[in-house]
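One-letter residues, chain by chain:
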Amino acid sequence: MEIRIDEAFATGDFAELAYAYAPVGLVITENRVIRDCNAAFAEMFEYAPEDLRNQVFAMLYPTDEEFVNIRDRGVQQLRETNTYWDERVMRKRSGTLFWCRVRGHSFTPDAPLARAVWSFADLSLTRPYLPLTRREREIISYLADGLTSKEIANQLELSYRTVEVYRAKLLKKFGVSNSNGLFQSLGGIGSDHVVSRSGEGG
């Protein structure tokens, strides 16, 4: 590869070099299938690049259900602006779950997921993964949407008291005293960019 590096600097053609050695994971997808990825992306997920090529992206999610729940998230934004980002939980080959920041650009804006390029950044050092139950993820997402405990209870068909118990347990788990602290522990970003609600398309 050294010769190709020398050639790139000699010719000024850095595209292949930048893709191969970018310090962030890059992946090219076609209809949710991984067509190619760079070394950083493969290493992040504990695979070799050749192990990921032509594989369905679902293999990198915690469960098939999680993939189905969020696979179309961002489609509308990509269609309108051709830019998208969020933070989501992904799964390494070993089964370890970790937070990623995902950014996307579509080559086919009218059908955003037909052909696209995505960057993935591992947030483990700044945002360690804490396991959450499906119900906890639902409640966090609704809290981030600004709903009160009473409104969340109505949405989830639970009692107000049950939602309050979940909320108290979440505050204790993250060592914070209020919802703002909870959101900061989850990365300090709004719900539009936190992929967390099971059962939500996107």
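As a reminder, the structure under discussion sits directly above these lines.
Residues numbered from 1 in each chain as written. Predicted model: local features only at pLDDT ≥ 70, side-chain atom pairs only at ≥ 80, totals over all residues. Heavy atoms only, no water.

J.: Report on the pairing of strand S1 (residues 25-30), specifying residues and quantitative values.
T.: One face of the sheet, then the other: side chains in a regular strand alternate in exactly this way. Inspection of the sheet shows S1 paired to strand S6 (residues 115-122) by 6 bridges, in the antiparallel sense. In the sheet register, Ile28 faces S6, and the bridge partner there is Val117. Here S1 runs beside strand S2 (residues 33-37); their pairing, made up of 4 bridges, is antiparallel. Bridge pairing in S2 links Thr29 to Ile34. Counting the residues between successive antiparallel strands, the hairpin from S1 to S2 contains 2 residues, one of them, Asn31, with a positive phi of roughly 50 degrees. (Pairing = 2+ DSSP bridges. Helix = DSSP H or I, 4+ residues; strand = E, 2+ residues; numbered from the N terminus.)

J.: How would you explain the sheet that holds S6 if you had to name every residue and give the values?
T.: Through backbone hydrogen bonds, the strands of a sheet pair up, either in parallel or in antiparallel fashion. An order of S3-S2-S1-S6-S5-S4 is seen for the 6 strands of this open sheet, with the pairing classed as antiparallel. Strands at the two margins of the open sheet, each flanked by one partner only, are strand S3 (55-56) and strand S4 (84-91). Examined bridge by bridge, S2 and S3 share 2 bridges and lie antiparallel to one another. Residue pairing for S3: Ile34 is matched across the bridge by Gln55.

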